[in-house]
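Below, each chain spelled out in residue letters.
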Number of protein chains: 2
Amino acid sequence: MHTALHPSASDALHFINEYHTSKPEKTMLLVMGECIVDYQGRARSLLDWGERLIMIKQDGTVLVHQPVMREPVNWQPTGSITEFKIKDEQLILNCRHLHPAEKMRVAFRRLKLVTATSLVDHANLIIAGMEIDVVNQIVSDPTIIEENLRIVKREKPVKTGSIDLFGFDKNHVPVVIEVKRSLATISSVHQLRMYVKDIKKDRKEPKVRGILCAPRVPDMVKKLLEEHNLEWREVERKVVLPDNRQRTLKEF
Amino acid sequence: MHTALHPSASDALHFINEYHTSKPEKTMLLVMGECIVDYQGRARSLLDWGERLIMIKQDGTVLVHQPVMREPVNWQPTGSITEFKIKDEQLILNCRHLHPAEKMRVAFRRLKLVTATSLVDHANLIIAGMEIDVVNQIVSDPTIIEENLRIVKREKPVKTGSIDLFGFDKNHVPVVIEVKRSLATISSVHQLRMYVKDIKKDRKEPKVRGILCAPRVPDMVKKLLEEHNLEWREVERKVVLPDNRQRTLKEF
DNA sequence: CGTGCCAGGTGCCGT
DNA sequence: ACGGCACTTGGCACG
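Please read these numbers as outputs of a predicted model, since none were measured by experiment. Sequence order as written defines the numbering, with residues in each chain counted from 1. For naming, the first written chain is A and the first written ligand is 1, with later ones following in the order written. It should be noted that, the model being predicted, local features are given only for residues of pLDDT at least 70 and side-chain atom pairs only at 80 or more, the latter also being counted only at that level, while totals for whole chains, interfaces and linings use all residues.

Help me out: how do you make sense of the protein's contact with DNA strand D in this one?
A molecule or strand has a residue near it when that residue's C-beta atom, placed from backbone coordinates, lies within 6 Å of it. Within the structure, DNA strand D sits among 27 residues, and Pro-218 and Met-220 of chain A together with Met-130, Glu-131 and Gly-161 of chain B are positioned closest to it. A run of H or I in DSSP becomes a helix once it reaches four residues, and a run of E becomes a strand once it reaches two; helices and strands are each numbered from the N terminus. At the level of elements, β5 (74-76) and α4 (219-227) of chain A are the ones that each hand at least two residues to the surface near DNA strand D. Looking at the surface near DNA strand D, its residues break down into 12 nonpolar, 9 polar and 6 charged. Side-chain classes follow a simple rule in which Ala, Val, Leu, Ile, Met, Phe, Trp, Tyr, Cys and Pro form the nonpolar group, Asp, Glu, Lys and Arg form the charged group, and the remainder, Gly included, forms the polar group.

Where do I start with the sheet that holds strand β12 (residues 174-179) of chain A in this structure?
Pairing between the strands of a sheet comes from backbone hydrogen bonds, and it takes one of two forms, parallel or antiparallel. Residues and elements named next belong to chain A. Taken together, 5 strands build an open sheet; the order of strands is β10-β11-β12-β13-β14 and the sheet is mixed. The open sheet has two edge strands with one neighbour each: β10 (150-157) and β14 (231-234). Averaged over all pairs of adjacent strands, the angle between their axes in this sheet comes to 25°, without regard to strand direction. Across 5 bridges, β12 lies against strand β13 (residues 209-214) in parallel orientation. The residue bridging Val-179 from the neighbouring strand is Cys-213, located in β13. Once C-beta atoms are placed from the backbone, any two residues with those atoms within 7 Å are in contact. In this description, a line fitted to the C-alpha atoms serves as the axis of each element, helices being fitted only across the stretch in contact, and the angle between N-to-C directions of two axes falls anywhere from 0 to 180 degrees. Across the sheet, helix α3 (residues 186-203) is in contact with β11 (162-168), β12 and β13; its angle to β12 comes to roughly 155°. Paired strands, as defined in this entry, are two strands with at least two bridges between them according to DSSP.

Whenever I open this one, the nonpolar core confuses me. Can you help?
Buried together is how nonpolar side chains tend to be arranged in soluble globular proteins. As used throughout, a nonpolar core is a set of buried Ala, Val, Leu, Ile, Met, Phe, Trp, Tyr and Cys residues joined through C-beta atoms within 7 Å of each other. Three classes are used. A residue is buried when 20 or more other C-beta atoms lie within 10 Å of its own, exposed when 12 or fewer do, and partly exposed in between, with C-beta atoms placed from the backbone. Counting 72 residues, the largest nonpolar core has Leu-30 and Ile-54 of chain A together with Leu-30 and Ile-54 of chain B as the members making the most contacts within it. In this structure Ile-54 of chain A touches Val-31, Val-62, Val-64, Leu-93 and Val-106 of chain A, once residues within four positions along its chain are discounted. By size, the runner-up hydrophobic cluster in this structure holds 26 residues, among which are Ala-184, Leu-192, Met-194 and Cys-213 of chain A.

How should I be thinking about the sheet that holds strand β13 (residues 209-214) of chain B in this particular structure?
Residue and element names in this part refer to chain B. Reading across the sheet, the 5 strands line up as β10-β11-β12-β13-β14 and stay open at both edges, with mixed pairing between neighbours. In the strand order of this sheet, the two ends are held by β10 (150-157) and β14 (231-234), each with one partner. Going across the sheet, the axis of each strand differs from the next one's by a mean of 25°, ignoring polarity. Relative to strand β11 (residues 162-168), β10 is paired through 6 bridges, and the arrangement is antiparallel.

What is the right way to look at the relation of the copies chain B and chain A in this model?
Two chain copies, one operation linking them: a rotation about an axis together with a shift along it. We superpose the copies by least squares over the C-alpha atoms of residues that have a pLDDT of at least 70 in both of them. Overlaying chain B on chain A yields an RMSD of 0.2 Å, the required transformation being a rotation through 180° with an accompanying axial translation of 0.0 Å. Here the transformation between the copies is reduced to the relation of a two-fold axis. In terms of proximity to the rotation axis, the leading residue of chain B is His-190 of chain B, whose C-alpha is 3.4 Å off the axis. Interface overlap between copies is the fraction of interface residues in one copy that are interface residues in the other; for chain B against chain A it reaches 100%, indicating a shared surface.

How do you make sense of the protein's contact with DNA strand C when you look at a structure like this?
Close to DNA strand C lie 26 residues; Arg-70, Met-130 and Gly-161 of chain A together with Ala-43 and Asn-74 of chain B are nearest. Listed by contribution, the elements that provide at least two residues to the surface near DNA strand C are β5 (74-76) and β8 (102-117) of chain B. Of all the elements, β5 of chain B adds the most residues to the surface near DNA strand C, at 3 residues. By residue class, the composition of the surface near DNA strand C is 11 nonpolar, 9 polar and 6 charged.

Looking at this structure, how should I read unusual backbone geometry?
The general pattern is negative phi for most residues beyond glycine and trans for most peptide bonds. The omega torsion of the bond from His-99 of chain A to Pro-100 of chain A falls at 0°, within 30 degrees of zero and hence cis. Mapped onto the fold, Pro-100 of chain A is located in the loop between β7 (90-97) and β8 (102-117).

As structure tokens, this is what we get:
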């Protein structure tokens, strides 16, 4: 853990050369100060002078964060190579990435803080409440959708994409189910339509049901579903982590 | 600009109370250290012990960054309220957000760095190469699509969504144009199909052309377009910023 | 590699 | 506030 407060450009460069440049894959670098940012790659952008925090992560990711908003105003993807130099008494950060070809330049005219640290983190996020969880819920109890529904396949591949759930109803009619974790969208209707069409073609079945299954289905989407003789179910989503790891957040 | 290196939990709390708590909307807080994270809201997650950088932005946004990847592993949206306390000799960060209802807790068992700074940044990003730019390109020179095409409306609202560009060809046949800034997708074909259908219905026109316009159209998408009697144009995308602000990135 | 799709998507702009 | 949509979307899984 090394820090430099209000360093000059050359002091910052020395600091970076000493604590970051030789082992960037083991060192997260923070640079806070007044800067401009140029970016060219999938798009092209310019950002005028302002105070920001720049983070160079241990995998080469570079983030430029303004004092507000969740999203970085500029960034470089994982695997970028970053170099520093001085020009006109300003600290310059240049980084490049191949595939997609992108480059970004940050020029600092005033530095507030530079830090270099090695962060060790091998933990993986455990998360619940995703689409896969809703799918599992339905598989373990298909009556959520309707009585006597028999699920035979999940992630069934068709021409274009793959069907979340596939099965047969009590009359042995094929049923295609598209699952959404939160809001059903117009786009999900199109997905469902296409899957139903593919199944009809594949199986030469005149009748195939399609059900859009989501916690919430807006009116517009319902109307669109009706237009195409498709169905929907508004299912309650349970958000439960594996084990009994529910204890932690309780008190607050 | 205030910093505390390797503070104890209580030192950190005092530091935060002095430099952050009274004016969080003017102070970006960084906390680096070994922590666990609990989150509950639109989903539910747990993150085991590891070293991370936590950023509390001046608009209430909270980001938890691991040493790799562009995305924060956990976060709270803009407008969240964050509080600190000590429990079992650990510094605890609790934050809440309403609408969507979300809360997150971070517990630190070791601190490497705490900093508080006021960042001033009123600059806005100037960006080029977005969908809107491709649309403008076509409007200013419709021959990019074809000769004698007359564009009459952009962002034309229809039943479901809005059409990027609408006009008439040399034979006065209505033309719907869907524009993509990079890759045309299956989803964009569906959008186009729907818009063409809506226009046919609205205008009671038997013939309406639909053109998908993108820098690249994959074979699969072309096939799908053909199936539905739709067309495509692969247009070159120019990425040019307004003014002559092209100078800056040149040398590197 | 590309291709498709989910995401605690985020952010923007409309009704 | 809800909804529709683009995004330097990012990230992952699969052919």
